[in-house]
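Fold and geometry: a report
Here's the letter readout for the chains.
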Amino acid sequence: MGCDSVFANLNRIIHGYPASFTYSLPRSGTWQIPLDYKGSTSGFRASIVARARFIEDLVTEQLGQGVTQYVILGAGLDTFAQRRPKIASQMRIFEVDQPDTQGWKKQRLSELGFGIPEWLRFVPVDFEAGWSWWEQLKNSGFDASRPAVVASTGVTQYLTQDAIVASLRQVATLAPGSTLAMTFLLPFNFTETKERPEVEEAEKGARSSGTPFISFFTPPEMLALAREAGFREVRHVSSAELNQRYFTGRTDGLSLPNGEEFLIATT
């Protein structure tokens, strides 16, 4: 599977979350899940919020270092540009996704009075027709000579290792100083026993919807793939680290399950 085929699955994968998974990350730095998170899916909903917060913190940090391009692969209904305009307006944001999804999103933004600011670029890619997301990105004003932050979350578990490697190699060709933030799932036997039923239920649901989990990696395996793809620096951010960063001191027991980890790779 080629690099473009990697993202051909995103329309089913990224947009497969039900509306109930909507989250809010206010500019104040506090965040909420507007649901009763005490149910069996609380950990997974917390994970979706935490990974969004982590990436937005990374984007803000990189902006402080002069990186002003942000690429969201499979952007879906991401609302960073609307929620964080003070930061987003200092950047050029590229949302890569299917044309029909983006058409609906732009219509809703207009209806709600947000509009489309000049610094927000929608990059429509018809993956089924074989369009190249990289060529479309460049045609949308992406400057390949300047560094960027690239985010890809909740995707690798649905892809073959060859497809993941193709994606890594493409992003590794970006300008020096670029950063990739990509999530991956640990093998089930690395999941804590108390959380295994939830993970198995998620895997069962994915399989029944036609998008089974097919790829799992230990942190050393994923770091090795990134190094071999050509990244200069690679590091692993664990769910335990995210728990410490974002959930310490909570009195409601909300926390991330063990299982979804981050690869942070720099060119």
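Right, let's walk through the structure included here. (Residues numbered from 1 in each chain as written. Predicted model: local features only at pLDDT ≥ 70, side-chain atom pairs only at ≥ 80, totals over all residues. Heavy atoms only, no water.)

1. Observations concerning the overall build of the protein chain
Per the secondary structure count, the protein chain includes 11 helices and 7 strands. Counting only residues that meet the buried cut, the protein chain has 53% of its 267 residues in that class. The long-range share in the protein chain, meaning contacts at least 24 apart out of those at least 6 apart in sequence, stands at 75%. Counting every atom, the protein chain has about 12,200 Å² of accessible surface; 50% of that belongs to carbon and sulfur. (Helix = DSSP H or I, 4+ residues; strand = E, 2+ residues; numbered from the N terminus. Buried < 20%, exposed > 50% of the residue type's maximum accessible area, 1.4 Å probe, protein only. Contact = heavy atoms within 4.5 Å. Areas by Shrake-Rupley, 256 points an atom, 1.4 Å probe, with all protein chains shown as cover.)

2. Quick word on the packing of aromatic side chains
This structure, assessed with the given rule, holds 7 aromatic pairs. For the pair Phe 94 and Phe 142, a centre-to-centre distance of 5.5 Å together with 75° between the ring planes defines the contact as edge-to-face. With Phe 94 in strand 2 (residues 92–97) and Phe 142 in the loop between helix 7 (133–139) and strand 4 (149–152), this pair connects stretches of sequence that are 48 residues apart. Each member of the pair, Phe 94 as well as Phe 142, carries the same accessibility label: buried. Here the aromatic cluster, defined as three or more aromatic residues joined through ring pairs, consists of Phe 94, Trp 133, Trp 134 and Phe 142. (Phe/Tyr/Trp six-rings, centres within 6.5 Å; stacked < 30°, edge-to-face > 60°.)

3. Comments concerning the nonpolar core
Formed by 35 residues in total, the largest nonpolar core has its most connected members in Leu 137, Leu 168, Phe 231 and Leu 263. Within the residue set of this core, elements represented by two or more residues are strand 1 (69–73), strand 2, helix 7, helix 8 (161–171), strand 5 (179–185), helix 10 (219–229) and strand 7 (260–266). Filtering out sequence-adjacent residues up to four positions away, Leu 263 remains in contact with Leu 168, Leu 180, Ala 181, Met 182, Phe 184, Met 222, Leu 223, Ala 226, Val 234 and Arg 235. Among the nonpolar cores identified, the runner-up in size contains 32 residues, and Phe 80, Leu 120, Val 237 and Leu 256 belong to it. (Core = buried A, V, L, I, M, F, W, Y, C linked by side-chain atoms within 4.5 Å.)

4. Examining the pairing of strand 4
Residues Val 149 and Ala 151 of strand 4 are buried on one face, and the alternating residues Val 150 and Ser 152, pointing to the opposite face, are buried as well. Pairing analysis gives 3 bridges linking strand 1 to strand 4, with the strands arranged parallel. Residue pairing in the sheet places Tyr 70 in a bridge with Val 149 of strand 4. Across 4 bridges, the pairing between strand 4 and strand 5 is parallel. Paired with Ala 151 across the strands is Ala 181, a residue of strand 5. (Pairing = 2+ DSSP bridges.)

5. Regarding the sheet that holds strand 5
Pairing is mixed in the open sheet, where 7 strands are placed in the order 3-2-1-4-5-7-6. The outermost strands of the open sheet, each flanked by one partner alone, are strand 3 (120–124) and strand 6 (233–237). Each adjacent strand pair in this sheet contributes to an overall mean axis angle of 20°, direction not counted. Summarising the sheet, strand 6 and strand 7 pair through 5 bridges and their orientation is antiparallel. Bridging across to strand 7, Glu 233 finds its partner in Thr 266. Along the sheet face, helix 3 (residues 42–64) touches strand 1, strand 4, strand 5, strand 6 and strand 7 and points at about 15° away from the line of strand 7. Helix 10 contacts strand 5, strand 6 and strand 7 of the sheet and is inclined by roughly 155° relative to strand 6. (Axes fitted to C-alpha atoms, helices over the stretch in contact; angles between N-to-C directions.)

6. Concerning the pairing of strand 2
Residues in a regular strand project their side chains so that they alternate between the two faces of the sheet. In terms of burial, strand 2 is a largely internal element, 5 of the 6 residues being buried. Where strand 1 lies against strand 2, 5 bridges are found, and the strand directions are parallel. Paired with Ile 72 across the strands is Glu 95, a residue of strand 2.

7. Quick look at the environment of Arg 51
By the secondary structure assignment, Arg 51 is in helix 3. With a relative accessible area of 7%, Arg 51 lands in the buried category. Measuring from C-alpha to C-alpha, the distance between Arg 51 and Thr 153 comes to 7.8 Å, with 102 residues separating the pair along the chain.

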